[in-house]
Amino acid sequence: MKKPKRSHRKGKPQERKKPELLAAVVANEKGEIFDLEDFAAVGADGPLLSPLTTGGTIDLPYGSELMFLPDRMPVLMDLETGQVRPVDRNPYSPGERIFPVAVFNSPGVVLACTCAYKERPGTQILPLFSYGAVGWHRDGFRSAAIVVDREPRQDLRRMPRDKIVSGVKHMQTQLPDNRLARHLEHCALTYGCPAGKNFFLGRYEAPLPTSQACNARCLGCISLQHDAHLTSSQNRIAFTPSAEEIADVALAHIRRVKNSVVSFGQGCEGDPLMAARVIGPAITLIRSKTEDGTINMNTNASLPGVLGPLLDAGLDSIRVSMNSVREACYTAYFRPKGYRFSQVVESIDLAISRSKHVAINYLNCPGFTDSPEETAALSVFLEKHPVHLIQWRNLNFDPKRYLQIMNKVTPLGPPVGMDRLLQMIRKRFPNLQYGYFNPPKERFMPFLPAVQKDITP
Ligand code: SF4
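What you are looking at is a predicted structure, and each value in this text was computed from that prediction instead of being measured.

### Description of the overall build of the protein chain
For step 1, the next point in the chain: Along the backbone of the protein chain there are eleven helices and 22 strands.
For step 2, the next point in the chain: A compact globule built from 457 residues would reach a C-alpha radius of gyration of about 23 Å, and the protein chain, at 23 Å, matches this within 12%.
For step 3, the next point in the chain: With the C-alpha coordinates aligned to their principal axes, the bounding extent of the protein chain is approximately 70 × 55 × 50 Å.
For step 4, the next point in the chain: When each of the 457 residues of the protein chain is scored for burial, the buried share is 56%.
For step 5, the next point in the chain: Long-range contacts, defined here as pairs at least 24 residues apart, represent 77% of the contacts in the protein chain between residues at least 6 apart.
For step 6, the next point in the chain: Total accessible area computed for the protein chain in this model is approximately 20,700 Å², and 53% of it derives from carbon and sulfur atoms.
For step 7, the next point in the chain: In the protein chain, 57 positive and 45 negative side-chain charges are present, and the distance between their average locations comes to 4 Å.

### A closer look at the site of the ligand
For step 1, the next point in the chain: Neighbouring residues of the ligand: Cys214, Ala216, Cys218, Cys221, Arg236, Glu269, Gly270 and Asn300.
For step 2, the next point in the chain: Here the shell around the ligand is composed, by residue class, of four nonpolar, two polar and two charged.

### Observations regarding the packing of aromatic side chains
For step 1, the next point in the chain: Taken as a whole and judged by the stated rule, the model has 15 aromatic pairs.
For step 2, the next point in the chain: On the basis of an interplanar angle of 45 degrees and a centroid distance of 4.9 Å, the ring pair of Tyr330 and Phe341 is categorised as tilted. Of this pair, Tyr330 sits in helix α7 (residues 327-334) while Phe341 is found in helix α8 (residues 341-353), placing the two residues eleven residues apart along the sequence. For the pair Tyr330 and Phe341, a shared accessibility class is recorded, and that class is buried.
For step 3, the next point in the chain: Note on Phe368 and Tyr402: the rings are 5.6 Å apart at their centroids and 75 degrees apart in plane angle, and the pair reads as edge-to-face. Here Tyr402 lies in helix α10 (residues 399-409) and Phe368 lies in the loop between β20 (357-364) and α9 (372-384), a separation of 34 residues in the sequence.
For step 4, the next point in the chain: Judged by its relative accessible area of 0%, Tyr402 falls in the buried class.
For step 5, the next point in the chain: Among the aromatic residues, those joined into a cluster by ring pairs are Tyr330, Tyr333, Phe334, Tyr339, Phe341, Phe368, Phe397 and Tyr402.
For step 6, the next point in the chain: It is Arg393 that lies over the ring of Tyr436; its NZ or CZ is 4.1 Å from the centre.

### Digging into the layout of surface pockets
For step 1, the next point in the chain: By volume, the second largest pocket is sized at about 380 Å³.
For step 2, the next point in the chain: What lines the second largest pocket is a set of 20 residues, among which Pro61, Pro107, Asp149, Arg150 and Arg157 lie closest to the centre.
For step 3, the next point in the chain: Two domains each donate at least three residues to the lining of the second largest pocket, and these are domain 1 (23-147) and domain 2 (156-443).

### Structural notes on unusual backbone geometry
Trans is the prevailing form of peptide bonds, just as negative phi is the prevailing case for residues other than glycine.
For step 1, the next point in the chain: Positive phi is not limited to glycine here, since Asp71 has a value of about 60 degrees.
For step 2, the next point in the chain: Residue position: Asp71 is located in the loop between β6 (65-68) and β7 (72-78).
For step 3, the next point in the chain: Of note, the phi angle at Ala301 is positive, near 50 degrees, even though the residue is not glycine.

### Concerning the packing of helix α5 (residues 276-289) against helix α6 (residues 304-313)
For step 1, the next point in the chain: One can describe the packing of α5 onto α6 by two numbers: an axis separation of 9 Å at closest approach and a directional angle of 10 degrees. Considered as vectors, α5 and α6 are oriented roughly parallel to each other. Contacts between α5 and α6 involve Ala276, Ile279, Gly280, Ile283, Thr284 and Arg287 from the former and Val306, Leu310 and Ala313 from the latter.
For step 2, the next point in the chain: In terms of residue class, the contact of α5 with α6 is built from six nonpolar, two polar and one charged.

### A look at the domain arrangement of the protein chain
For step 1, the next point in the chain: What the domain assignment reports for the protein chain is domain 1 (23-147) and domain 2 (156-443).
For step 2, the next point in the chain: Distance from the C-alpha centre of domain 1 to the C-alpha centre of domain 2: 30 Å.
For step 3, the next point in the chain: With 29 residues of domain 1 in contact, the opposing surface of domain 2 contributes 31 residues.
For step 4, the next point in the chain: Taken over both partners, the interface formed by domain 1 and domain 2 buries close to 2,500 Å², and the fraction arising from carbon and sulfur atoms is 66%.
For step 5, the next point in the chain: Looking only at domain 1, the three residues that lose the most surface to domain 2 are Tyr62, Ile125 and Leu128, adding up to 29% of its buried area.
For step 6, the next point in the chain: For the interface between domain 1 and domain 2, the tally reads two salt bridges.

### With respect to the nonpolar core
For step 1, the next point in the chain: Among the nonpolar cores identified, the biggest contains 98 residues, and Met322 and Trp392 are the most heavily contacted of them.
For step 2, the next point in the chain: Each of domain 1 (23-147) and domain 2 (156-443) contributes no fewer than three residues to this core.
For step 3, the next point in the chain: Once residues within four sequence positions are removed from consideration, Trp392 is found in contact with Val109, Val110, Val148, Tyr362, Thr369, Leu378, Met418, Leu421, Leu422, Tyr434, Gly435 and Tyr436.

### Observations concerning the sheet that holds strand β11 (residues 114-115)
For step 1, the next point in the chain: With antiparallel pairing, the three strands of this open sheet are ordered in space as β4-β3-β11. Strands with a single pairing partner mark the edges of an open sheet, and in this sheet they are β4 (48-51) and β11.
For step 2, the next point in the chain: For strand β3 (residues 42-45) and β4, the ladder comprises four bridges, and the chain directions are antiparallel. From the neighbouring strand, Val42 faces β4, where its bridge partner is Pro51.

### Points about α9
For step 1, the next point in the chain: Compared with the 18 Å implied by 1.5 Å per residue over 13 residues, the 19 Å span of α9 between its first and last C-alpha is a close match.
For step 2, the next point in the chain: Here α9 has its buried residues at Glu374, Thr375, Ala377, Leu378, Ser379, Phe381 and Leu382.
For step 3, the next point in the chain: Buried residues along α9 sit in contact with β19 (317-322), α8, β20, β21 (389-394) and α11 (418-428).

### Some points on α11
For step 1, the next point in the chain: Every buried residue of α11 is accounted for by Met418, Leu421, Leu422, Ile425 and Arg428. All buried residues of α11 project into a common sector of 135 degrees when viewed along the axis, lining one side.

Cut-offs and rules
- Residues numbered from 1 in each chain as written.
- Predicted model: local features only at pLDDT ≥ 70, side-chain atom pairs only at ≥ 80, totals over all residues.
- Heavy atoms only, no water.
- Helix = DSSP H or I, 4+ residues; strand = E, 2+ residues; numbered from the N terminus.
- Rg over C-alpha atoms; globule rule 2.2 N^0.38 Å.
- Buried < 20%, exposed > 50% of the residue type's maximum accessible area, 1.4 Å probe, protein only.
- Contact = heavy atoms within 4.5 Å.
- Areas by Shrake-Rupley, 256 points an atom, 1.4 Å probe, with all protein chains shown as cover.
- Lys, Arg positive; Asp, Glu negative; His and termini not counted.
- Charge placed at Lys NZ, Arg CZ, Asp CG, Glu CD.
- Near = heavy atom within 4 Å.
- Nonpolar A, V, L, I, M, F, W, Y, C, P; charged D, E, K, R; others polar.
- Phe/Tyr/Trp six-rings, centres within 6.5 Å; stacked < 30°, edge-to-face > 60°.
- Lys NZ or Arg CZ within 6 Å of the ring centre and 35° of its normal.
- 1 Å grid on protein atoms, 1.4 Å probe; cavity = no way out; pocket = protein on both sides within 12 Å on 5 of 7 lines; lining within 4 Å.
- Points joined across faces, edges and corners; volume = space filled by probe spheres on them.
- Domains from an automatic or database assignment.
- Axes fitted to C-alpha atoms, helices over the stretch in contact; angles between N-to-C directions.
- Parallel < 35°, antiparallel > 145°, perpendicular 65-115°, else oblique.
- Buried area = accessible area lost by both parts, 1.4 Å probe.
- Salt bridge = Lys/Arg side-chain N within 4 Å of Asp/Glu carboxyl O.
- Core = buried A, V, L, I, M, F, W, Y, C linked by side-chain atoms within 4.5 Å.
- Pairing = 2+ DSSP bridges.
- Expected span 1.5 Å × (residues − 1).
- Arc of directions from axis to C-beta.

Below, the structure written as structure tokens:
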């Protein structure tokens with residue numbers, strides 16, 4: 001239906017509202033968060049620092065968390081001088097130290113800017129979260145982020161605890177002796193894992209964590225940390241479920257959820273390809289009972305020889321994690337053991353050649369992902385390897401430390417801007433989907449040629 005024309009006084013065109021600056025948001029030593037008058041909020045896109053405006057931000061997504069960053073001072077814009085500078089003390093409460101406030105956005109958005117701050121001497125690395133820029137406007141917080149998926153799959157308002165608890169009880173009667181179901185209870189009730197909760201709520205996507213091992217050592221691994229200054233946010237699964245246990249959990253979900261997805265490769269495990277010996281038979285078991293549901297694997301795709309038989313057994317889609325499409329940058333973050341980036345690419349080509357749905361879990365950090373070098377490389381990569389979907393995700397790692405590491409690998413040019421990057425790639429690859437979640441096969445786009453030859457960015 002054509003949008004009704006808004007009526008306005010004859011002859012006077014509707015004026016576009018001028019973007020307004022956001023007020024700076026900081027915290028004091030006690031962690032109390034407040035806005036600082038006469039200072040505007042600033043976002044960082046790598047070395048580029050720019051004031052946040054209503055035009056470049058969105059209302060803070062529900063369920064997002066504000067974080068106080070210790071041992072750092074906020075970088076703000078002084079409205080009197082127009083200068084962007086670090087501010088150490090509260091100008092309205094002499095002597096009071098102030099600290100930056102960042103936002104850990106809820107799922108569905110990708111960061112346009114990270115929080116702008118200056119490290120104080122002796123600063124420790126930040127814990128494993130993403131640190132988005134945030135400001136205050138009129139009656140609410142606004143986040144420097146771009147919406148890439150509006151699906152309420154992990155919307156906490158749709159996940160009431162009492163329903164989760166009754167779902168757990170229900171599964172205790174359905175799957176009384178299933179260790180994997182018991183493990184997922186812990187994920188849902190203790191870790192608060194949205195995928196675990198969705199299994200007990202009978203919504204969207206259920207997790208099938210299986211693997212205790214991984215052949216990568218990601219700097220930001222959330223299930224097993226090698227860095228003494230970092231803590232993994234959840235423990236790795238401590239057993240390998242049997243093919244029957246996996247299949248029963250999957251079938252319990254598929255039988256009660258329309259357009260359901262069941263996924264190997266969760267935050268509480270290593271890489272599922274390392275557990276192919278049980279995953280292969282589990283997929284065969286599931287497909288021997290039903291063609292319904294989408295069987296997906298979130299993986300580092302490091303072993304094409306192991307992936308092939310799983311695709312043949314009935315795996316419908318894969319989501320391949322990468323922080324970069326350039327080998328040197330990938331290797332610096334994933335620190336692969338016994339495989340190379342070329343094997344990851346080989347797995348992607350293999351799955352595409354088998355008409356399976358392929359998504360990239362693109363771990364974004366403004367300043368790196370939108371660097372001209374990564375932007376150009378991504379365009380070339382997508383032309384050669386026409387994946388179907390980019391899940392624009394936020395890298396959960398200290399942004400300053402990450403950019404330092406990547407800059408050592410290869411110098412980063414001035415960022416083009418995340419919004420511009422998304423527009424350029426969208427224009428260049430009109431058939432490429434953007435999102436945040438693993439789609440069910442009912443929503444797989446028909447496999448069309450990714451590139452439109454005649455459009456230059
Ligand atoms: S691929 Fe996954 S499990 Fe393996 S090290 Fe990286 S984040 Fe951890």
